[in-house]
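# Understanding the architecture of this molecule
Spelled out, the chains give:
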Amino acid sequence: MINRVRSLAIHSSIIFLFILGGFPSSIYSVENRPYTEQVLSGELKNGIREIEVGAYKYGFYPNPIVVKYGEKVKLLMTAMDVPHGIHVPEFKVNQPLPKGVTKTIDFTASQKGQFMVHCSVYCGPNHGKQKTRLIVR
Ligand SMILES: [Cu+2]
């Protein structure tokens, strides 16, 4: 119970940060860098790039999600507030995300470039604007 309350408090404060001004892109102001200079997301564990990704109304973090060409990628994805989904057609990623359950998504970064990441589960009036970029550099 205490863990649940604590986790709710952490999630609420993360969501509050989003409302304040778009965490984390505005903090690091990486949005305007050329995509080849973006800082890699997450960390390498046993040769696999592991990245914790959050989905919320209406966005994803990190934004962008940055990986290296050729890497094996593991996204640990959690819908923070309501059910969401992740869709990246170029990498055959299409996964519903029930609220609060971390889902593992594996793929290989087999193409260079920038790819749109969309929410694939209707989550409210601005669902269509829930996007991030996947950068493979
Ligand atoms: Cu949505």
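The structure presented is a predicted model; accordingly, all values stated were derived computationally and were not measured.

Scoring rules and cut-offs
Counting starts from 1 at the beginning of each chain's written sequence and moves along it residue by residue. Whole-chain, interface and lining totals are the exception, using all residues; otherwise, since this is a predicted model, local features are given only for residues with pLDDT of at least 70 and side-chain atom pairs are given and counted only at 80 or more. Each side-chain value is derived from all of the structure's non-hydrogen atoms; neither hydrogens nor water enter the calculation. Coordinating N, O and S atoms are those within 2.8 Å of the metal (3.2 Å for Na, K and Ca), and as water is not part of the atoms, a site may appear to have fewer donors than expected. The geometry test gives tetrahedral to four donors whose angles all lie between 85 and 135 degrees, gives square planar to four donors and octahedral to six donors whose opposite members are over 155 degrees apart with all other angles between 65 and 115, and gives irregular to the rest. Accessible area is worked out with a 1.4 Å probe on protein chains only. A residue is then buried under 20% of its type maximum, exposed over 50%, and partly exposed in between. What counts as a helix is a DSSP run of H or I of at least four residues, what counts as a strand is a run of E of at least two, and both are numbered from the N terminus. Two residues qualify as a contact provided that any one of their heavy atoms is within 4.5 Å of a heavy atom in the partner residue. Just to be clear on terms, a salt bridge is a Lys or Arg side-chain nitrogen sitting within 4 Å of an Asp or Glu carboxyl oxygen. Following DSSP output, two strands are said to pair if at least two bridges run between them. Here the aromatic set is Phe, Tyr and Trp, taking the six-membered ring for Trp, and pairing holds for ring centres within 6.5 Å; pairs whose planes are under 30 degrees apart are stacked, those over 60 apart are edge-to-face, and all others are tilted.

### Description of the coordination of the copper ion
Within the protein, the atoms that donate to the copper ion are Cys 119 (SG), Val 121 (O), Cys 123 (SG) and His 127 (ND1), at distances of 2.0 to 2.6 Å. Bound by four donor atoms, the copper ion shows angles of 82 to 128 degrees at the metal and therefore irregular coordination geometry. Each donor residue of the copper ion belongs to the same chain, and together they define the spacing C-x1-V-x1-C-x3-H. Assessed through its relative accessible area of 8%, Cys 123 is described here as buried.

### What to know about the environment of Lys 72
Considering the arrangement of structural elements, one finds Lys 72 in strand β5 (residues 72-79). With 35 residues separating them along the chain, Lys 72 and Phe 107 place their C-alpha atoms 6.1 Å apart. Residues in contact with Lys 72, not counting those within four places in the same chain, are Gly 47, Ile 48, Arg 49, Phe 107 and Thr 108.

### Focus on the pattern of salt bridges
Working definition: two side chains of opposite charge can pair if their charged atoms are close together. In this structure the tally under the stated criterion is two salt bridges. Its salt-bridge partner being Glu 50, residue Lys 45 comes within 3.4 Å of it at the nearest N-O pair. By relative accessible area, which is 38% here, Lys 45 ends up partly exposed. Here Glu 71 makes a salt bridge to Arg 49, at a shortest N to O gap of 2.7 Å. Of this pair, Glu 71 sits in the loop between β4 (65-67) and β5 while Arg 49 sits in strand β2 (residues 48-56), and the two are 22 residues apart along the sequence. An identical accessibility class is assigned to Glu 71 and Arg 49; each is buried.

### Points about the pairing of strand β6 (residues 84-88)
The buried fraction of β6 amounts to four of the five residues, a majority that puts the element mostly inside the structure. Relative to strand β7 (residues 93-97), β6 runs antiparallel, the two being bridged by five bridges. Within β7, the position partnered with Val 88 by the bridge is Val 93. With antiparallel pairing between neighbouring strands as the criterion, β6 and β7 make up a hairpin whose turn holds four residues, including Lys 92 at a positive phi of roughly 55 degrees.

### Structural notes on the packing of aromatic side chains
Overall, the coordinates contain two aromatic pairs when judged by the stated rule. Measuring from ring centre to ring centre gives 5.2 Å for Phe 91 and Phe 107, while their planes differ by 45 degrees; the resulting arrangement is tilted. Here Phe 91 is found in the loop between β6 and β7, whereas its partner Phe 107 is found in strand β8 (residues 103-108), with 16 residues between them in sequence. Both residues of the pair, Phe 91 and Phe 107, count as buried. When the centroid spacing of 5.0 Å and the interplanar angle of 85 degrees are considered together, the rings of Phe 91 and Phe 115 count as edge-to-face. Taken together, the residues Phe 91 in the loop between β6 and β7 and Phe 115 in strand β9 (residues 113-118) connect sequence positions 24 residues apart. A connected cluster of aromatic rings, assembled from ring pairs, spans Phe 91, Phe 107 and Phe 115.

### Brief notes about the environment of Met 116
As for its position among the elements, Met 116 is in strand β9. A relative accessible area of 41% places Met 116 in the partly exposed class. Sequence spacing of Met 116 and Pro 64 is 52 residues, and the spatial spacing of their C-alpha atoms is 9.6 Å. Each residue touching Met 116, except ones within four places of it in the same chain, is listed here: His 87, Val 88, Lys 131, Thr 132 and Arg 133.

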